[in-house]
Amino acid sequence: MIENIRLSGLGRHFQRGEMEVQALHGIDLSIAPGEFLALVGPSGSGKSTLLNLLGGLDRPSDGQLWLDGLPLHTANDKERTEHRRHRVGFIFQSFNLLPRLTALENVAIPLTLAGVGKSEREARAAKMLEQVGLGHRMDHYPAEMSGGEQQRTAVARALIHSPSLILADEPTGNLDSTTGNEVMALLKKLNSEQGITLIVVTHDADVAAFADRIVRLKDGTIAEVVQNSRDEAATTARTEPSPFSPPTNSGLRIRDIVRSAFRNLGRRPVRNILTAGGVLIGIITLVAMVSFGVGVQLEVQRNFETLGLENIFVSPQFDETDEFEPFAQPKPLTPLTPDVASRIRALAGVKSVQPTLELPSGLDVSMAVNGEVFPVRLLQGTGQMQFGPPGATDMAAGSDFTEALTSGAVLVSGLADTLLAEGESYQDLLGQSIDLELRLPRGETDSFPTRIIGIRNGFGSRSIDIGLDERADIKSWWFGQPDILETEGYDRLVVEADDIDTVPQLIEIIESLDLQTQSLGSMLDVANQVLSLLQVLLGSVGGLALLVAALGVANTMMMAIYERTREIGVLKALGASSAEIRWLFTSEAGLIGLGGGAIGLLLGTLLGQLVDWIAHRYLINEGVTGVGQLSVVPLWLALGSMVFATVIGIIAGLYPAARAARLDPVTALRHE
Ligand code: ADP
Ligand code: MG
């Protein structure tokens, strides 16, 4: 139970410009537990200042203030917050109910701040409202109640956490005398029945008449103390315990912080939606652009993978220091002879080596089958193997060339069709002998016999692919060099590694042989770097929008704090700590960010889909098919953008929230 309240030499001065205002000085006073004290005196005599000191809302400039064994004159912020939260109930002249909360919720605030769960605190608040005769007004908002009802609600709020000290600053000042007397009678009853120490500031002699003792202040000092006759019956009743045990000290719950944040955001829906709109636009841009970057990157990766990331393309290196000779064939440093090819084949980690021989352009080729002659077109470029792993080409019949199968002819299906007799199938063409008839531009002709080994599905009706052996023969004939492979070598080798991871090692070894290499992996790295850079650039546009959005959030929070300054003062008086005030505002800012982020993510994804759809329409119009999804929102982007938006909100709210937390409760309570 509370001990004596002891004030000795207590003083409080304010600096107002150059002047020092002595609001209180040299106050010596003892207040007994359960006493009802009235503080009277003219306006400006220091009554409110004294009350604020007793409530731990303010610190004395000098002297001592002992309360329940606690030296309030030296107590730190945390101790004073505890003091307010557990032992003090404040009642104000202007009621100071929070306008957006019902009577029930207003009464429950001190319990909310003490971390009591919703159902328990509302049950207690309901009981308390019944005690003050407002059982029928629980769901009413302050604006729907009369002054007397509001003040009775405030009394219930001051009592809900079973304080040992009630501080009331002109509680009847805004009430007519009848209602004022009702409220005073209620306070007096609580004081005498529950032994709560009651200190009431008043101008009203009628009110003062309720008190055990009247202390009159004048110019910041005690001018007079009047002892009223005490009601003995009430004194004996004072031992009656208060109806509720004081709440435990767990502090404001996260759930209540979030609930309050939602409610407060709902107070200014238009403003907060507009503010969140800034975040939303930033996140839409960010998500749409990055998702497109990711999609394109995945598509490129996928295409490269089907081409074979484990392939290394080896070509000879030409000596560039040589003098320029216009008509001479450039000489490779290391020709890609069959010997070199088999040396590479023998390297550890090499799965296969596929040589390529290009044929001179301008060859006039026709194909003779059973005396019939068809003009054909020799496939150029990669020669034996297309890009991609063996077997990747789509065979209609027979087999394609492999590392071991290097001779024969593979016909495109359209050409094979023209060879088919009635009732024949592709299968019947396999093994058939054909003659390739070549004519040089200078008129020489020659014929090269071979046989059909496979039919490849594909476009065109003239294309024919021939094996390495045939190519070597033709090339030798063309250049008049029988040992052309030994001297000039192949044009290119496609070296397939066992594993993508061994590709870099193999490249190193092969390059040490004075050969040039190219791998899809290295090309993919470059492509990825370019795409990543692009993604960062695109993302930065969204980031910039978010920066602007952050300024909007900060601005909104500053306005909210200005509007709610008085509310912050009330919450502090009711026991909210600075940290809790900071959390309340930070979480509002975070919620604005999260809200904008979530909707932005949704709209950004949809926008990405739309752009994707348009891109596909366009590509299909241009004759490009088989392109995959170009806008992809991976989980990391979805989560990342929401977290990012929330963090932006929180960061934007940090400074405003810190300002709210720093507000001096006494100043905040004076704010209109
Ligand atoms: P009362 O409640 O008795 O009317 P107050 O305690 O509010 O008087 O004020 C006592 C004196 O201290 C007044 O002169 C008032 O102007 C001054 N005062 C109170 N608070 C402040 C403050 N925060 N800054 C400057 N002067 C103040
Ligand atoms: Mg006052």
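Reading the values: rules and limits
- Residues numbered from 1 in each chain as written.
- Chains lettered and ligands numbered in written order.
- Predicted model: local features only at pLDDT ≥ 70, side-chain atom pairs only at ≥ 80, totals over all residues.
- Heavy atoms only, no water.
- Buried < 20%, exposed > 50% of the residue type's maximum accessible area, 1.4 Å probe, protein only.
- Helix = DSSP H or I, 4+ residues; strand = E, 2+ residues; numbered from the N terminus.
- Pairing = 2+ DSSP bridges.
- Phe/Tyr/Trp six-rings, centres within 6.5 Å; stacked < 30°, edge-to-face > 60°.
- Contact = heavy atoms within 4.5 Å.
- Axes fitted to C-alpha atoms, helices over the stretch in contact; angles between N-to-C directions.
- Parallel < 35°, antiparallel > 145°, perpendicular 65-115°, else oblique.
- Left-handed = near helix turned anticlockwise from the far one by under 90°.
- 1 Å grid on protein atoms, 1.4 Å probe; cavity = no way out; pocket = protein on both sides within 12 Å on 5 of 7 lines; lining within 4 Å.
- Points joined across faces, edges and corners; volume = space filled by probe spheres on them.
- Nonpolar A, V, L, I, M, F, W, Y, C, P; charged D, E, K, R; others polar.
- Arc of directions from axis to C-beta.

## Here we look at the pairing of strand S3 (residues 36-40)
Counting buried positions along S3 gives 5 out of 5 residues, so the element sits mostly inside the fold. In S3, alternate side chains face the same way, and those of Phe36, Ala38 and Val40 on one face and Leu37 and Leu39 on the other are all buried. Direction of pairing for S3 relative to strand S8 (residues 197-201): parallel, over a ladder of 4 bridges. The partner of Leu39 across the bridge, within S8, is Val201. Relative to strand S9 (residues 213-218), S3 runs parallel, the two sharing 4 bridges. Of the residues in S9, the one forming a bridge with Leu39 is Val215.

## Details of the packing of aromatic side chains
Applying the stated criterion across every chain yields a total of 2 aromatic pairs. Measuring from centroid to centroid gives 5.8 Å for Phe90 and Phe92, while their planes differ by 10 degrees, and the two rings are stacked. The residues Phe90 and Phe92 share a single accessibility class, namely buried.

## Let's talk about the environment of Ser578
As for its placement among the helices and strands, Ser578 is situated in helix H19 (residues 578-621). Using a relative accessible area of 28% as the deciding quantity, one classes Ser578 as partly exposed. Each C-alpha atom, one on Ser578 and one on Asp77, is 8.5 Å from the other, the two residues being 501 residues apart in sequence. Discounting residues that sit within four places of it in the chain, Ser578 has contacts with Lys572 and Ala661.

## What to know about the packing of helix H10 (residues 269-307) against H19
Between H10 and H19, the shortest axis-to-axis distance is 6 Å and the interhelical angle comes to 40 degrees. Relative to H19, the element H10 is oriented oblique. Judged by the twist between their axes, the crossing of H10 over H19 is right-handed.

## A closer look at the packing of helix H3 (residues 103-113) against helix H4 (residues 118-131)
Direction vectors running N to C along H3 and H4 enclose 120 degrees, while the axes themselves pass 8 Å from each other. Considered as vectors, H3 and H4 are oriented oblique to each other. The crossing of H3 and H4 is right-handed. Across the interface between the two elements, Ala103, Leu104, Glu105, Val107, Ala108, Leu111 and Thr112 of H3 pack against Arg121, Glu122, Arg124, Ala125, Ala126, Met128 and Leu129 of H4.

## Some details on the pairing of strand S4 (residues 62-67)
The sheet contact formed by strand S1 (residues 5-16) and S4 spans 5 bridges and is antiparallel. For Gly11, the partnering residue across the bridge sits in S4 and is Asp62. Here S4 runs beside strand S5 (residues 70-71); their pairing, made up of 2 bridges, is antiparallel. Its bridge partner being in S5, Leu67 is matched across the sheet by Leu70. Here S4 folds back onto S5, and the loop between the two strands holds 2 residues, one of which, Asp68, carries a positive phi near 55 degrees.

## Quick notes on the layout of surface pockets
Taken as a whole, the largest pocket spans an internal volume of roughly 910 Å³. Lining the largest pocket are 36 residues; nearest its centre among them are Ser48, Thr49, Asn52, Asp169 and Arg670. Counting residues per element, the ones that place at least two in the lining of the largest pocket are S1, strand S2 (19-31), helix H1 (47-54), strand S6 (88-91), strand S7 (165-169) and helix H21 (665-670). The leading source of residues in the lining of the largest pocket is H1, at 5 residues. By residue class, the composition of the lining of the largest pocket is 10 nonpolar, 15 polar and 11 charged.

## Thoughts on helix H11 (residues 338-345)
Among all positions in H11, only Val340, Ala341 and Ile344 are buried. Along the long axis of H11, the arc covered by the buried residues comes to 100 degrees, so they all point the same way. Contacts made by the buried residues of H11 are with strand S12 (350-356), strand S21 (492-497), helix H16 (503-511) and strand S22 (515-519).

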